[in-house]
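One letter stands for each residue in the lines below.
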Amino acid sequence: MCGIIGYTGSVFAASKVVLDGLERLEYRGYDSAGLATIKGSGLLVNRGSGKLRLIRSVLEKGMGSESVAIGHTRWATHGKPTEENAHPHVDNARRIVVVHNGIIENYLDLKGELSAKGHRFDSQTDTEIIAHLLADMENPDFLVSFRQAVLRLEGAYALAVLHVNYPDRIFFARKNCPLIVGHSENEGMFLGSDPAAMLSYTRTVTYLNDLEYGYIDPTSVHLFSLNSGEPLPIQKEVLDWNPVAAEKGGYRHFMLKEIHEQPDVVRNTLGGRLDEARGKVLLPDFQISPEQFSKIDRIVITACGTAYYSGLVGKYVLERLCRIPVDAELASEFRYRDPVINEKTLVIAVSQSGETADTLAAIELARARGATTMAIVNVKGSSLTRRVDGTLYIHAGPEIGVASTKAYLAMVVGFELFALYLSEIRNTLSSDSRREFIHELKLIPGKIEEQLKHKEDVLQVAQKYQNYRNFLYLGRDYNYPTALEGALKLKELSYIHAEGYASGEMKHGPIALLDRDCPVVAILSESSVYEKVLSNIQEARARDCLVIGVLTEGSTHSASVVDDSLITQRTIEVLSPLLNVIPLQLFAYFVSDLKGLDVDQPRNLAKSVTVE
Ligand code: M6R
């Protein structure tokens, strides 16, 4: 939700670094964008409404070789995505300029107070009050004023601020929104919402914690505690992400590239964690001990969106393999419904970004109630990883497409791995079964590669169905979540109404929707519930529906009962969600692209939802 980038240093033109960074951050929000620098003794601020590629020339206007700049790409919360609401925001004297990610909850009170003192406001945003509040502080040392002002803010914020009196500094503060400092040996210092923004310059970063503030200058970071004002030590981490991973690499869209990366993503997620000969999953760095896990009598998985659907697969897999009760809950519900959890509960939060506000709040609640907490996460060092007892990284690399594909797959692999690991601790699966499972798991990347070779077949199906306005996705058992995920992908990418349903539920209501204008996408791969899903399909066909079947290769009987087929490779049932989701991702991708829509940045969405 909103992306921030800043640079101070004399090696590069700051506006160029910031504009390039904004391009990489645009997946976080793309309603409007802006850029500010210090030129001579004044501020130069350029803003525009719309996607970056359309307003780039507006943002570049007058920018030269200045050595400090901050930029912002916006996902609107307070105020429409107009130019005057775009960040950066300035004070009336145009000496201070602010970009902000988050929501200032007490902004109306502060606005009233500042208006009474004569401050004039130009936007409907909560952010603008921060520039005015900073200007209203009286201490001649701006760092002191900065702390005093920030302490008055309620809500969530990642802030980057320039002041004309400090022409090589970027001031920052963080609470409940991600913010990272990037260090480069001789080339200056960076500030950003996300490492992707600075990966082409540096991989050495400091993840800021909540309630920290300070400033960067061209050579160093100065970090303090907001509560005490005391200096804090700087902890650096070197990321293993490759800058090329955040490029399109010859693909038309990030999403298509990320779909094609999935075989390697699965290899990376499994990398070094499987001992097939002994039937073991190895998690040597895992911070939660087997003894702690053996005390657990229940698991709750919590997440949002696609990550939640991966958690639903996790529920099916963990219960089957580990014989332990598992619930999967939407984090936005879990956090407010006073759930029953205790010291014997393991709460697993799943997230690509590790920054989703509801997921973070859910894990805070779980901690407060004494649960053991664990995260399945992609982004190293993200907020979630610092709030849990143990983290299982999925190593999917940077995911730029707003619609999640490779991270979803890696999360499901994360659950499969964890279930195998726990099954050994709980002694619920024989080592022979684990060996077979591991053998099959290792074959998954090759099978996905094989499926991707046939993507043109999916394109043909997409061409036939692109103009329908409603779809029903049906799946059962392990692949009920696959149906939900397939429907979400179509919805968010092509703005077509798509419902995911457990196929056995169809006759309890949704069947009323069915007619020749509502195609059904049914997951009909080989499984113990194959016959059941088949009956549900016959019920749909009896209502004149066209049926697209996700079928296991070579299954001629299934092919005869559907109108069109999306073919997947054969695997064991518990791993089938990993293969069945691939053609559904491709189908949604192709439909969106055929409609001429913005595949990587669908309307109204943002990659990382850091507000409630
Ligand atoms: O970063 P997270 O995995 O926590 O994000 C959760 C959801 O916001 C995310 O999966 C969202 O549903 C995507 N748009 C799905 O494609």
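Throughout, a residue's number is its position along its own chain's written sequence, starting from 1. Owing to the predicted nature of the model, reporting of local features is limited to residues with pLDDT of at least 70; listing and counting of side-chain atom pairs is limited to 80 or more, with chain, interface and lining totals taken over all residues. Side-chain numbers here rest on the full set of heavy atoms in the structure, without hydrogens or water.

Student: Can you lay out the overall build of the protein chain for me, pointing to particular residues and giving the numbers?
Tutor: Helix and strand content of the protein chain: 18 helices and 26 strands. Each radius of gyration is computed over the set of C-alpha atoms, and the globule rule expresses the reference value as 2.2 Å times the number of residues to the power 0.38. Against the globule reference of 25 Å for 612 residues, the protein chain gives a C-alpha radius of gyration of 25 Å, in line with a compact fold. Long-range contacts, defined here as pairs at least 24 residues apart, represent 72% of the contacts in the protein chain between residues at least 6 apart. When the accessible surface of the protein chain is summed, it comes to about 22,500 Å², and 47% of that surface belongs to carbon and sulfur atoms. Under the counting rule used here, the positive set is Lys and Arg, the negative set is Asp and Glu, and His together with the chain ends is not counted. To locate a charge, take NZ of a lysine, CZ of an arginine, CG of an aspartate or CD of a glutamate. Distance between charge centres in the protein chain, computed from 65 positive and 77 negative side chains, equals 1 Å. Strands are runs of DSSP state E lasting at least 2 residues, helices are runs of H or I lasting at least 4, and numbering of each runs from the N terminus. The contact criterion used throughout is that any non-hydrogen atoms of two residues lie within 4.5 Å. Using the Shrake-Rupley algorithm and a 1.4 Å probe, accessible areas are obtained, with residue cover drawn only from the displayed protein chains.

Student: Outline the nonpolar core, supporting the account with residue identities and numerical values.
Tutor: Judged by nonpolar contacts, the single largest core of 93 residues is most densely connected at Leu318, Phe418 and Phe587. Considering every element that reaches this core, the biggest residue donor is helix H12 (residues 406-426), with 14 residues. Those domain boundaries reflect an automatic or database domain assignment. Residues lining this core come from more than one domain, with at least three contributed by each of domain 2 (258-446) and domain 3 (454-594). Setting aside anything within four residues of it in sequence, one finds leucine 318 in contact with Ile299, Ile301, Arg323, Ile324, Val326, Ile348, Phe415, Phe418, Ala419 and Leu422. Ranked by size, the runner-up nonpolar core spans 29 residues in total, among them Leu110, Leu114, Phe121 and Tyr166. The set of buried Ala, Val, Leu, Ile, Met, Phe, Trp, Tyr and Cys residues whose side-chain atoms join them within 4.5 Å is what this entry labels a nonpolar core. Each residue is placed in one exposure class: buried if its accessible area under a 1.4 Å probe, protein chains only, is under 20% of its type's maximum, exposed if it is over 50%, and partly exposed if it falls in between.

Student: Which residues make up the packing of aromatic side chains, and what values do they have?
Tutor: Stacked, edge-to-face and tilted labels apply to pairs of Phe, Tyr and Trp rings (six-membered ring for Trp) whose centres lie within 6.5 Å, assigned for plane angles under 30 degrees, over 60, and everything in between, in that order. For the structure shown, the criterion picks out 23 aromatic pairs. On the numbers, 5.8 Å between centres and 20° between planes, the contact of phenylalanine 286 with phenylalanine 293 is stacked. In this structure, phenylalanine 286 and phenylalanine 293 share a single accessibility class: buried. Among the aromatic residues, those joined into a ring-pair cluster are Phe142, Phe146, Tyr166, Phe171, Tyr213, Tyr215 and Phe224. Two limits define a charge over a ring: the Lys NZ or Arg CZ must be within 6 Å of the ring centre, and within 35 degrees of the ring normal. The ring centre of tyrosine 215 lies 4.0 Å from the NZ or CZ of arginine 169, which sits over that ring. Over the aromatic face of tyrosine 495 sits the side chain of arginine 603, whose NZ or CZ is 3.9 Å from the ring centroid.

Student: Can you break down the domain arrangement of the protein chain residue by residue, with the values?
Tutor: Splitting the protein chain by domain gives domain 1 (3-247), domain 2 (258-446) and domain 3 (454-594). The C-alpha-based centres of domain 1 and domain 2 are spaced at 34 Å. In this complex, domain 1 contributes 15 residues to the contact, which on the side of domain 2 involves 14 residues. As a working definition, buried area equals the accessible area (1.4 Å probe) given up by two parts on being put together, with both sides summed. Approximately 1,300 Å² of surface area, both sides summed, lies buried where domain 1 meets domain 2, with 56% of it carried by carbon and sulfur atoms. Any Lys or Arg side-chain nitrogen found within 4 Å of a carboxyl oxygen on Asp or Glu counts as a salt bridge. Viewed at the interface, domain 2 and domain 1 are joined by 1 salt bridge. The salt bridge partner of arginine 387 is aspartate 210, with a shortest N-O separation of 2.8 Å. Any N or O atom pair separated by 3.5 Å or less is treated as a polar contact, with the protein-specific requirement of one donor-capable and one acceptor-capable atom, and with residues adjacent in sequence counted only for side-chain atom pairs. Applying the counting rule to domain 1 against domain 2 returns 5 residue pairs in polar contact (both at pLDDT 80 or more). Three classes are used: nonpolar for Ala, Val, Leu, Ile, Met, Phe, Trp, Tyr, Cys and Pro, charged for Asp, Glu, Lys and Arg, and polar for all others, with Gly counted as polar. The residue inventory of the side of domain 1 that touches domain 2, partitioned by class, reads 10 nonpolar, 2 polar and 3 charged.

Student: I'd like a description of the sheet that holds strand S19 (residues 345-351), backed by residues and values.
Tutor: Between any two strands, at least two bridges found by DSSP are needed for them to pair. Strands sit in the order S18-S17-S19-S20-S21 across an open sheet of 5 strands; the sheet is parallel. The open sheet has two edge strands with one neighbour each: strand S18 (326-330) and strand S21 (390-393). Shown here is a sheet whose adjacent strand axes are inclined to one another by a mean of 20°, direction ignored. As judged from the 4 bridges shared by strand S20 (residues 372-377) and S21, these two strands associate in the parallel manner. Looking at the pairing, methionine 374 lines up with glycine 390 of S21. Structural elements are reduced to axes, namely lines fitted to C-alpha atoms, with helices fitted over the stretch in contact, and the angle between N-to-C directions of any two is expressed from 0 to 180 degrees. Its contacts with the sheet put helix H11 (residues 357-368) on strand S17 (298-303), S19 and S20, and the angle it makes with S19 is roughly 165°. Against the sheet, H12 touches S17, S19, S20 and S21, its axis set at about 155° to S19.

Student: If you had to explain the sheet that holds strand S8 (residues 170-175) to someone new, which residues and values would you point to?
Tutor: Two orientations exist for strands paired in a sheet by backbone hydrogen bonds: parallel and antiparallel. A sheet is described by the order of its strands in space; here 6 strands give the open sequence S5-S6-S7-S8-S12-S13, paired in antiparallel fashion. Single-partner strands in this sheet number two, and they are strand S5 (89-90) and strand S13 (221-225). Against the sheet, helix H5 (residues 142-151) engages strand S6 (96-104), strand S7 (155-163), S8, strand S12 (212-216) and S13, with an angle of about 25° to S8.

Student: Before we move on, can you summarise helix H9 (residues 305-322) with the specific residues and values?
Tutor: In a regular helix each residue adds 1.5 Å, so 18 residues correspond to 26 Å; H9 covers 25 Å between its end C-alpha atoms and thus fits that length. Of all 18 residues making up H9, 13 are buried, and the element is well covered by its neighbours. In the stretch just after H9, arginine 323 is the one whose phi turns positive, near 50°. Multiplying 1.5 Å by the residue count of a helix minus one yields the expected span of that helix.

Student: Hey, could you go over the site of the ligand for me, with residue numbers and the actual values?
Tutor: Think of it this way: one heavy atom of a residue within 4 Å of a molecule or strand is enough to make that residue near it. In the region of the ligand, 15 residues are neighbours, and Ser351, Gln352, Ser353, Thr356 and Glu492 sit closest. One of the side-chain nitrogen or oxygen atoms of serine 353 is found 2.6 Å away from an oxygen atom of the ligand. For the ligand, whose unbound accessible area comes to 410 Å², protein coverage reaches 91%. Elements represented by at least two residues in the shell around the ligand include exactly H9 and helix H15 (480-494). Counting residues per element, the shell around the ligand draws most heavily on H9, which supplies 3 residues. Along the lines of polarity and charge, the residues of the shell around the ligand split into 6 nonpolar, 7 polar and 2 charged.

Student: Explain unusual backbone geometry residue by residue, including any values.
Tutor: For the bond running from histidine 87 to proline 88, omega is 0°, close enough to zero to count as cis. As for its placement among the helices and strands, proline 88 is situated in the loop between strand S4 (68-74) and S5. A positive phi is found at leucine 211, a non-glycine position, where the angle reads about 60°. Tracing the backbone through its elements, the reader meets leucine 211 in the loop between strand S11 (204-207) and S12. Accessibility expressed as a relative area gives 31% for leucine 211, which makes it partly exposed. Backbone geometry places aspartate 477, a non-glycine residue, at a positive phi of 55°.

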